[in-house]
Amino acid sequence: MENEEKEKLLNLAEEKKYRQLKEALLEINEVDIASFMEELDSEKTVIVFRMLPKALATDVFAELPAESQSHIINSITDKELSEIVEDLYVDDAVDMLEELPATVVRRVLKNTTPDTRKLINQFLNYPENSAGSIMTAEYVGLKKNMTVEQSFAYIRHHGVDSETIYTCYVMDEKRHLEGVVTVKELLMNAYETRLETIMDTHVIKVTTTEDQEAVADMMNRYGLLCIPVVDSEDRLVGIITVDDVMEVMEEEATEDFEKMAAMLPSEKPYLKTSVFQLAKNRIPWLLILMLSSTITGAILVKYETAFAAVPLLVSFIPMLMDTGGNSGSQSSTMVIRGMALGEIEPSDVLKVLWKEIRVGFMVGFVLAVVNFIRLMIQYPGNTMICVTVVISMFATVVAAKTIGCTLPIGAKVLKLDPAIMASPMITTIVDAVSLMVYFNLACHLLDMAA
């Protein structure tokens, strides 16, 4: 929605021209209506919601943030609430209930039919971030002895409540998944054709306990619009559609970015997260990194006599540490991305290590040569100091590349998120390594005592 259009709608709401506002809203997508409603105060949010037709109101409700949903639930009658929950897709209802306060959840469940309540409770019991927790139970289920004509009749009758009708699943009497057939395949075959002759029996599927990130990777790999979810006995219990997977990918990417920036993940949008919560998410890692930097300080203290004898050595420390940190971050970022996309597995550690070592040699050589020329021009007559710096630079880059590529893989082996081994952590480790390499070389090449 354009800003001008949203401003026009806000003016209509402010001037209480609700008839014109309703006419305008009926021409807008439910996502844009939800975005507009987020700009309204609590009173007008309920007024606008109530003026929407029932079907549109349910779609808009599913797009609203938890705070707005909670306020609307507390402001409408039990009958209105029952209608909304019954019309919501089960996955949307489950997502809503996971975000709402317990008192509101109790009221929602109280105003649903027994069947819907049972289904929602079943979904809520699946492990967090599992396939079962994001699937929906609204799908088209057919039988293999049906003809194409019977299948179309079934789809017309039951498809209105399904999340998608393009892909249909074929089951036996005990709901065991036997095959899959698309509407395109139904359209391309004669009415009297039986499904068992045209269905694909090699179904790509996931179990209810499968991690949601693995589901997203699978759907992306095979280019699927939806994927069936089965239980331990291979019975179809739901499907996951591409819109659900897009939300998962966004959540996982956001979580990885936050971890790579040394922050604890936050589930709320930035502008809706309190200052206290933002600080709380950032303090733990900053404390860890701050305390770990004492290692760097200890190394400086140990070699205090070395740089006291040659003060010029101190001026090169920031350059070495920054270059090492940047080199390590480059490698860790590439490896973390490769693992996220499934391109790199822990078993590939030797291949990755060998590649990064070669890259480190090439990069380190170029940086060392350029640096040597600069230092000789800037500090003529200090050849051995220049040699010490460039050798340290070369060794630091190679070491940083090695550390940067192996730590994320090590984290994966230990069942940790590789994203935690990103820039801040790598930089802290590489800083200590680069200082030790630098001062050890200085002591040997310049004949100084540590």
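Structural notes, computed from the coordinates. (Residues numbered from 1 in each chain as written. Predicted model: local features only at pLDDT ≥ 70, side-chain atom pairs only at ≥ 80, totals over all residues. Heavy atoms only, no water.)

1. Observations regarding the overall build of the chain
For the chain, the helix and strand inventory stands at 23 helices and six strands. Residues counted as buried form 44% of the 450 residues belonging to the chain. Restricting the contact set of the chain to residue pairs at least 6 apart, pairs at least 24 apart contribute 66%. Per element, the accessible surface of the chain, about 24,200 Å² overall, is 58% carbon and sulfur. (Helix = DSSP H or I, 4+ residues; strand = E, 2+ residues; numbered from the N terminus. Buried < 20%, exposed > 50% of the residue type's maximum accessible area, 1.4 Å probe, protein only. Contact = heavy atoms within 4.5 Å. Areas by Shrake-Rupley, 256 points an atom, 1.4 Å probe, with all protein chains shown as cover.)

2. Notes on the environment of M321
Considering the arrangement of structural elements, one finds M321 in helix α20 (residues 317-340). It is 8.4 Å that separates the C-alpha atoms of M321 and T396, two residues lying 75 residues apart in sequence. Residues within four places of M321 in sequence aside, it is in contact with T296, D431, S434 and L435.

3. Section: the state of the cysteines
Enumeration over the complete set of coordinates arrives at zero disulfides. Left without a disulfide partner, C168 is nearest to the cysteine sulfur of C226, which lies 8.9 Å away. (Disulfide = S-S within 2.5 Å.)

4. With respect to helix α12 (residues 148-158)
One turn of an α-helix holds 3.6 residues; hence residues three or four places apart share an orientation. Along α12, the residues that are buried comprise V148, S151, F152 and I155. Mapping the buried residues of α12 onto a view down its axis gives an arc of 100°, with all of them on the same face. Buried positions along α12 lie against β1 (141-142), β2 (167-171), α13 (183-187) and α14 (195-198). (Arc of directions from axis to C-beta.)

5. Details of the side chain of T58
Summarising the element assignment, T58 is placed in helix α5 (residues 54-63). Among all residues touching T58, those that are not within four sequence positions of it are I84, D87 and L88.

6. Description of the packing of aromatic side chains
Across all of its chains, the model carries five aromatic pairs by this definition. For the pair F316 and Y379, a centre-to-centre distance of 5.6 Å together with 85° between the ring planes defines the contact as edge-to-face. With a gap of 63 residues between them, F316 in the loop between α19 (304-309) and α20 and Y379 in the loop between α21 (349-378) and α22 (383-413) connect regions that are remote in the sequence. (Phe/Tyr/Trp six-rings, centres within 6.5 Å; stacked < 30°, edge-to-face > 60°.)

7. Points about unusual backbone geometry
In this structure, R175 is a non-glycine residue whose phi angle is positive, near 70°. Since its relative accessible area comes to 39%, R175 is described here as partly exposed. Although it is not a glycine, D234 sits at a positive phi angle of roughly 65°. Topologically, D234 is positioned in the loop between β5 (226-230) and β6 (236-241). In this structure D234 comes out as partly exposed when scored by relative accessible area, which is 26%.

8. Points about the nonpolar core
Within the largest apolar cluster, 55 residues are counted, with the highest numbers of intra-cluster contacts made by L21, L25, F36, M37 and I240. For this core, the element with the highest residue contribution is helix α8 (residues 90-99), accounting for five residues. Split by domain, the residues of this core number at least three in each of domain 1 (3-125) and domain 2 (140-241). Residues in contact with I240, not counting those within four places in the same chain, are A131, I134, M135, V215, M219, L225, C226, I227, V229 and V245. (Core = buried A, V, L, I, M, F, W, Y, C linked by side-chain atoms within 4.5 Å. Domains from an automatic or database assignment.)

9. Some points on a nonpolar patch on the surface
A contiguous nonpolar patch, built from F365, V366, V369, V370, I373 and I377 and spanning about 590 Å² of accessible area, is present on the exposed surface. Within the fold, V370 resides in helix α21. According to the relative accessible area criterion, V370 is exposed, its value standing at 53%. (Patch = residues over 30% accessible without salt bridge, like charges linked within 9 Å, V, L, I, M, F, W, Y side chains within 5 Å. Salt bridge = Lys/Arg side-chain N within 4 Å of Asp/Glu carboxyl O.)

10. Digging into the sheet that holds strand β4 (residues 206-207)
Strand order across the open sheet formed by three strands is β4-β5-β6, with mixed pairing between neighbours. For this open sheet the edge positions go to β4 and β6, each flanked by a neighbour on one side alone. Contacts from helix α15 (residues 212-222) reach β4, β5 and β6, with the element oriented near 135° to β5. (Pairing = 2+ DSSP bridges. Axes fitted to C-alpha atoms, helices over the stretch in contact; angles between N-to-C directions.)

11. Side note on helix α1 (residues 3-14)
Its 12 residues place the ends of α1 16 Å apart at the C-alpha level, agreeing with the 16 Å of an ideal helix rising 1.5 Å per residue. Buried within α1 are the following residues: K6, L9, L12 and A13. Taken around the axis of α1, the buried residues stretch over an arc of 120°, which confines them to a single face. With respect to the buried face of α1, the exposed residues turned more than 90 degrees away are N3, E4, K8 and E14. Where α1 is buried, its residues touch α2 (18-25), α3 (30-37) and α4 (42-51). (Expected span 1.5 Å × (residues − 1).)

12. Section: the sheet that holds β2
If you trace the three strands from one edge of the open sheet to the other, you get β1-β2-β3, paired in mixed fashion. Each edge of the open sheet carries a strand with a single partner, namely β1 and β3 (177-182). Pairing of β2 with β3, which is carried by five bridges, proceeds in the antiparallel orientation. Within β3, the residue paired with T167 across the bridge is T182.

13. As for a negative patch on the surface
Taken together, the side chains of D59, E63, D243, E247 and E250 make up a negatively charged region of the molecular surface. If you list the elements that add at least two residues to the negative patch, you get α5 and α16 (242-260). Take the negative patch: its biggest share by element is three residues, from α16. The residue D59 is located in helix α5 in this model. (Lys, Arg positive; Asp, Glu negative; His and termini not counted. Charge placed at Lys NZ, Arg CZ, Asp CG, Glu CD.)

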